[in-house]
Amino acid sequence: MMRSIRSSRIFIRQLAQVTRHHCPETSWHIKRVRYFTQILASELLRMEMKGLTPEQACRTVELSHIHDIGKVCIPESILNRAGPLTDEQMERVRRHTEFGGYILDDLCLNMDVCTYQTAWNIVVYHHERFDGKGYPYALNGEDIPVCARIVALADVYDALSSPRCYKPAYTRSVCRDIIASEGGGHFDPFIVRAFLNIEEAFWNIHQTIGFQGDPCAQDKPQASIQQEKGVLI
Ligand SMILES: [Fe+2]
Ligand SMILES: [Fe+2]
């Protein structure tokens, strides 16, 4: 059993490495998301969140690394595109959750069951929303596995605070206010409360784990359709 868990961990790192090679912007993103997830999970344990055990928190941190593994199935020309995506391209990017599930089904069958289940939940459900307006399955509230609810907030915080090809980086106060306003909307309100307790630590991570260069240097990043629609991919 221990051997299986150890080899699962090594395999997870290798999978994360594949994502990094595919898209350098994603490389920094997954690094920061892992740190955000770590401090958020610790705070949630301190607050005794229902349904979150220390083992589950550790697995969530470890596996947050691969939440976007399905992006290896999306062409780099779309992922790194400067400016807004067409509706069709956006639909394709959204399918990274589904593709990620296929990758895990194909490659991870030898993982221990708990690791595999948590990995699948994070990869497939990290774009679900607490109010049921997310994708791919429009799951609602606590039907969304707790690990995916945690990674969802970490993921969106990074998207807000970093420049993307389709949007500028938002300031610290704008990031905090957007997350705070989404309790019960995009996010589990309990997790938003935990975030607000440790918001300064989130910002420090954002400042420390840097992204080198503009993701789309050929064009000035600007607000776009995706931003207006509230879509953070
Ligand atoms: Fe994603
Ligand atoms: Fe992500």
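As annotated in an unreviewed UniProt entry, the protein chain carries the name Metal-dependent phosphohydrolase HD sub domain and comes from Desulfurispirillum indicum.

*Asks:* Help me understand the overall build of the protein chain in this model?
*Replies:* Each helix and strand in the protein chain was counted, giving twelve helices and zero strands. In sequence order, the secondary structure elements of the protein chain are arranged as α-α-α-α-α-α-α-α-α-α-α-α. For the protein chain, the residues scored as buried account for 39% of the 233 residues in total. Here the analysis covers contacts within the protein chain between residues at least 6 apart in sequence; of these, 73% occur between residues at least 24 apart.

*Asks:* Can you help me understand the nonpolar core in this one?
*Replies:* Within soluble globular proteins, side chains that are nonpolar tend to cluster in buried spots. L40, I150 and L153 are the most contacted members of the largest nonpolar core, which totals 45 residues. Of all elements in the fold, only α1 (2-22), α2 (24-46), α3 (54-64), α7 (113-125), α8 (146-161), α9 (172-181), α10 (189-197) and α11 (199-208) reach the threshold of two or more residues within this core. If you tally residues by element for this core, the top one is α8, at ten residues.

*Asks:* Before we go on, may I ask you to explain α9 in this structure?
*Replies:* Residue pairs three or four apart in sequence face the same way in an α-helix, which turns once every 3.6 residues. Among all positions of α9, only C175, R176 and I179 are buried. Seen end-on, α9 carries its buried residues on one side only, within an arc spanning 95°. Exposed and facing more than 90 degrees away from the buried side of α9 are S173, V174, D177 and S181. Where α9 is buried, its residues contact α8, α10 and α11.

*Asks:* I tried to follow the environment of D68 on my own but got confused; where do I start?
*Replies:* As for its position among the elements, D68 is in the loop between α3 and α4 (76-79). A tally of 26 C-beta atoms within 10 Å means that D68 is categorised as buried. Expressed as a C-alpha distance, the spacing of D68 and I30, which sit 38 residues apart in the sequence, is 7.8 Å. The contact partners of D68, leaving out residues within four places of it in the chain, are T19, T26, I30 and H96.

Parameters at a glance
- Residues numbered from 1 in each chain as written.
- Chains lettered and ligands numbered in written order.
- Predicted model: local features only at pLDDT ≥ 70, side-chain atom pairs only at ≥ 80, totals over all residues.
- Helix = DSSP H or I, 4+ residues; strand = E, 2+ residues; numbered from the N terminus.
- Buried ≥ 20, exposed ≤ 12 C-beta atoms within 10 Å, placed from the backbone.
- Contact = placed C-beta atoms within 7 Å.
- Core = buried A, V, L, I, M, F, W, Y, C linked by C-beta atoms within 7 Å.
- Arc of directions from axis to C-beta.

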